[in-house]
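Here is how the chains run, residue by residue.
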Amino acid sequence: VTSKFAAGAADLLVAALMNLYVYCLSDEVTAGAVENVVGMAGARPRLVEHAGISAVASEYDDEKIAVTRENVLAHERVVRRVLTETTPLPFRFGTIVGEARLASYLDSQQGRLKAQLERVRGAVEMSVKIIWRPEAKEIEAAGGGDEAVEAGGRGTRFLLGKRRELLGEGTMKERAEGVSAWLGRTVEGLVRESSVSLRPSENLVLAASHLVERSRLADYRAALGRAKTERPELHFLTSGAWPPYSFISVGP
Amino acid sequence: MADEELEQLLDEERELSLLETLDHVLNRGLVIAGEITIAVADIDLIFVGLNVLVSSVETAHEVLKERQQKETSGE
């Protein structure tokens, strides 16, 4: 009996010292949602409950994690499984923490975390990236072609080149803002929140994330489908539904 | 478009899907202070990958769509 007790105590000690890989948080997830999914390093995720919030986590016997295809997909697989049941707050990839530290985090942040859960409840994130490769003649029109630059001296070439660079950047920025406003009108009334990042660099790139009610996903997808036919000069990359990675503002 | 070329484009689509996942899981989400144990050199690299891949994947979709339409019409 004594040796059994000692072995049990040793197991508890090992478990207490072992790190957890944490996938996401929810106040609605059930143990059944993750019982058949394989997590990081082949471990089975479980719920760690504190302060009315459940963290989905699995045992992880290391202090570091590599960004490999296998690991990234394991993280996403578990969070996505929870997303089929409810909308969780996903952790950033690579969150490894001891159980006591996790409990302390849930206790100290419970108010903010519950507010975040309310913010995303019943919704999912949809991603839209728009890429536009302008015609070469449009860039030349912004500041003269190569011939004009080559004809001048070194100083002229520098100034003309600089002018073209600035005008080109200005045009791209205006176009990016125009596309952003158009996209905003396209999804108006269909999204709960938007987060848009303009990247008017060499190619115009706009990255938008939309928080969409689950019940409105079909309408949202239909609106984007119409938008694609409306602007054939734009390349669209749409993806989702995602857990609400872009709508979390509880940081360190 | 040859089948090999099409297969390559479909591989790129799978790669694109991974890039989208990386874009979400590496750059965003909840953070517990001091508990992230990876280092990502430059998230913009993901956007470079997206730029390169997105047009070719669209082309692959168009080709597949045309093929399906031809098959449906019995050409």
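Residues numbered from 1 in each chain as written. Chains lettered and ligands numbered in written order. Predicted model: local features only at pLDDT ≥ 70, side-chain atom pairs only at ≥ 80, totals over all residues. Heavy atoms only, no water.

1. Topic: helix α3 (residues 99–120) of chain A
What counts here: Strands here are runs of E lasting at least two residues and helices are runs of H or I lasting at least four, both read from the DSSP assignment and numbered beginning at the N terminus. What a helix is expected to span follows from its residue count: subtract one and scale by 1.5 Å.
Spanning 22 residues, α3(A) covers only 26 Å between terminal C-alpha atoms, well under the ideal 32 Å at 1.5 Å per step. Count one or two residues on from α3(A) and you reach A:Gly122, which has phi positive near 75 degrees.

2. So, the confidence of the model for chain B
Residues and elements named next belong to chain B. Rules: For every residue, the pLDDT score states the predictor's confidence, bounded by 0 at the bottom and 100 at the top. Whether two residues are in contact is decided by their heavy atoms, any of which lying within 4.5 Å being enough.
Of all residues in chain B, 35% attain a pLDDT of 70 or more, and the chain-wide mean is 65. Across residues 39–45 the pLDDT falls below 50, and counting only partners more than four positions away or on other chains, this stretch makes four contacts in the model. Among the scores for the predicted complex, ipTM is 0.73 and pTM is 0.75.

3. Regarding helix α2 (residues 69–85) of chain A
In plain terms, the rule: With a 1.4 Å probe rolled over the protein chains alone, any residue whose accessible area is under 20% of its type maximum counts as buried; one over 50% counts as exposed, and the rest are partly exposed.
End to end, α2(A) covers 25 Å across 17 residues, agreeing with the expected 24 Å (1.5 Å per residue, within 8%). Taken as a whole, α2(A) has its buried residues at A:Asn71, A:Val72, A:Ala74, A:His75, A:Glu76, A:Val78, A:Val79, A:Val82 and A:Leu83.

4. What to know about the side chain of B:Glu20
Using the following cut-off: Counting of polar contacts relies on pairs of N or O atoms within 3.5 Å, with two restrictions inside protein: one atom must be capable of donating a hydrogen and the other of accepting it, and residues adjacent in sequence are counted only when both atoms are side-chain atoms.
Take B:Glu20: it is sitting in helix α1 (residues 3–27). A distance of 2.4 Å separates polar atoms of two side chains, one belonging to B:Glu20 and the other to A:Ser239.

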